[in-house]
Amino acid sequence: VTRMSLDTGTQFGRYEIRSKLGVGGMGEVYRARDNRLNRDVAIKVLLDSSLRDPDRMARFEREAQVLAWLNHPNIAAIYGLEETNEATFNQVGLVMELIEGPTLADRLKTAPIQFEDALPIAKQIIDALEVAHERNIIHRDLKPANIKVTDDGVVKVLDFGLAKVFATDSSNPDLSHSPTLLKGTEAGVILGTAAYMSPEQAKGKVVDKRSDIWAFGCVLFEMLTGKQPFSGETLTDTLASVVRGEPEWDQLPPSIPPHVKRLIQRCLEKDAKRRVRDIGDARYELDQIGSSDPPPVAIEAQRPPRRWASIVLVL
């Protein structure tokens with residue numbers, strides 16, 4: 001027997017359910033108490049539709065493995081998998097670090113973030129992405145709703161690795177509970193949140209770490225302006241804006257350093273070949289703030305012309 005929601009006080013293995021924290025397209029997240037270690041945790045459980053799918057169950061376990069590989073202070077930690085097989089219900093849960101406080105999306109509902117405050121947040125997001133990319137893991141759903149900043153100023157990126165685990169899923173799950181898309185297409189998979197998708201991601205093409213770099217540019221733009229760089233009245237309008245539209249660049253505060261504006265523009269290049277190639281490049285540019293050195297020249301401008309280009313001209 002399965003059931004969609006867990007009531008307060010339900011015993012989930014060694015954990016006692018305290019409250020529901022949220023609902024996503026594939027599962028629910030609860031606050032729970034680890035009575036053995038006397039600490040609160042977050043537990044993500046699969047929806048019934050996913051629980052009955054052996055492939056989804058296997059991917060859920062692989063998500064746990066992915067998160068375990070990403071042991072980093074700026075990424076929400078995983079503590080393990082917990083399974084129940086009770087008379088009333090059976091479930092499997094991902095037990096994770098509980099991050100208190102509002103998300104970056106909640107914070108941005110009231111006002112943009114001042115550049116001086118946004119800078120350390122951006123650098124910690126970069127740190128989280130860099131360790132993932134070094135392990136060939138792509139987030140594919142980086143957005144303010146998946147980022148929290150603790151009272152101590154520590155950034156925690158949530159749901160890391162989830163999109164990678166489900167990237168090859170060609171089914172059509174229920175999307176009514178989440179703005180995150182997991183939709184099969186003839187060309188591939190549309191996966192992510194529309195307003196933060198890279199153009200290649202929105203088209204269902206194969207993506208790499210440059211899609212995370214695009215999403216980082218979207219998040220940095222939104223932190224500084226309070227507005228998403230790409231939006232629309234409908235999902236289709238938003239995707240069209242991502243593929244063909246341009247952000248309102250004049251909304252960026254005029255006080256930010258010019259090379260930071262250029263960094264955001266380079267992160268949001270629609271052609272992935274012209275986009276920032278490595279998230280470490282973004283950190284380098286942000287580290288120049290306050291330096292006596294002149295801002296670095298765009299990396300693309302420093303690259304020597306490819307030798308085969310002259311051969312093509314000869315032919």
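Our subject is the structure listed above.
(A) Highlighting the overall build of the chain. Helices and strands together make up the secondary structure of the chain, namely 12 helices and 10 strands. The proportion of buried residues among the 315 residues of the chain is 50%. A separation threshold of at least 6 residues defines the contact pool for the chain, and within that pool the share at least 24 residues apart is 59%. Counting every atom, the chain has about 15,600 Å² of accessible surface; 50% of that belongs to carbon and sulfur.

(B) Representation of the nonpolar core. Core analysis: the largest hydrophobic core is formed by 53 residues, its most contacted members being Ile-125, Leu-142, Phe-216 and Met-223. The element contributing the most residues to this core is helix H4 (residues 115–134), with 11 residues. Beyond its immediate chain neighbours, meaning those up to four positions away, Phe-216 contacts Ala-122, Ile-125, Ile-126, Leu-129, Leu-142, Cys-267, Ile-279, Ala-282 and Leu-286. Of all hydrophobic cores here, the second largest spans 10 residues; its members include Phe-12, Ile-17, Val-41 and Val-45.

(C) Representation of the pattern of salt bridges within the structure. The full count for this structure, using the stated rule, is 17 salt bridges. Residues Arg-18 and Glu-16 are paired through a salt bridge, measuring 3.9 Å at the closest nitrogen-oxygen approach. In this structure, the salt-bridge partner of Arg-283 is Glu-130, at a minimum N-O distance of 2.5 Å. Of this pair, Arg-283 sits in helix H10 (residues 279–287) while Glu-130 sits in helix H4, and the two are 153 residues apart along the sequence. In the salt-bridge network here, residues are joined through shared partners; they are Arg-31, Arg-33, Asp-40 and Glu-100.

(D) Summary view of H10. Those residues of H10 that fall on the buried side of the exposure criterion are Ile-279, Gly-280, Ala-282, Glu-285 and Leu-286. Where the residues of H10 are buried, they touch H4, helix H7 (209–225) and helix H9 (258–267). In this structure Asp-278 caps H10, since a side-chain oxygen of it lies 2.8 Å from the backbone nitrogen of Gly-280.

(E) Looking closely at unusual backbone geometry. In this structure, Asn-38 is a non-glycine residue whose phi angle is positive, near 55 degrees. By the element assignment, Asn-38 lies in the loop between strand S3 (27–34) and strand S4 (39–46). Judged by its relative accessible area of 54%, Asn-38 falls in the exposed class. The phi angle at Arg-140 is positive, at roughly 70 degrees, despite the residue not being glycine.

(F) Highlighting the packing of aromatic side chains. Inspection of the entire model under this criterion finds two aromatic pairs. Aromatic side chains Trp-214 and Phe-230 sit 5.2 Å apart centroid to centroid with 15 degrees between the ring planes, which places their arrangement in the stacked category. Taken together, the residues span a long stretch of sequence, with Trp-214 in helix H7 and Phe-230 in the loop between H7 and helix H8 (235–244) at a distance of 16 residues. Pair check on accessibility: Trp-214 and Phe-230 agree, each one buried. A ring pair is formed by Phe-221 and Trp-249, whose centres lie 5.9 Å apart and whose planes are at 80 degrees; its orientation type is edge-to-face. With a gap of 28 residues between them, Phe-221 in helix H7 and Trp-249 in the loop between H8 and H9 connect regions that are remote in the sequence. Directly above the ring of Tyr-79 sits Arg-39, whose terminal nitrogen or CZ lies 3.9 Å from the centroid.

(G) How the structure looks around the pairing of strand S2 (residues 15–23). Note that strand S1 (residues 11–12) and S2 share two bridges and pair antiparallel. Opposite Phe-12, over in S2, you have Tyr-15 as the bridge partner. In this antiparallel pair of consecutive strands, S1 and S2, the connection spans two residues, and Gly-13 shows a positive phi of 60 degrees. Bridge count between S2 and S3: seven bridges; the pairing is antiparallel. Of the residues in S3, the one forming a bridge with Val-23 is Glu-28.

What counts, and at which threshold
- Residues numbered from 1 in each chain as written.
- Predicted model: local features only at pLDDT ≥ 70, side-chain atom pairs only at ≥ 80, totals over all residues.
- Heavy atoms only, no water.
- Helix = DSSP H or I, 4+ residues; strand = E, 2+ residues; numbered from the N terminus.
- Buried < 20%, exposed > 50% of the residue type's maximum accessible area, 1.4 Å probe, protein only.
- Contact = heavy atoms within 4.5 Å.
- Areas by Shrake-Rupley, 256 points an atom, 1.4 Å probe, with all protein chains shown as cover.
- Core = buried A, V, L, I, M, F, W, Y, C linked by side-chain atoms within 4.5 Å.
- Salt bridge = Lys/Arg side-chain N within 4 Å of Asp/Glu carboxyl O.
- Polar contact = N/O pair within 3.5 Å; in protein donor to acceptor, adjacent residues only side chain to side chain.
- Phe/Tyr/Trp six-rings, centres within 6.5 Å; stacked < 30°, edge-to-face > 60°.
- Lys NZ or Arg CZ within 6 Å of the ring centre and 35° of its normal.
- Pairing = 2+ DSSP bridges.

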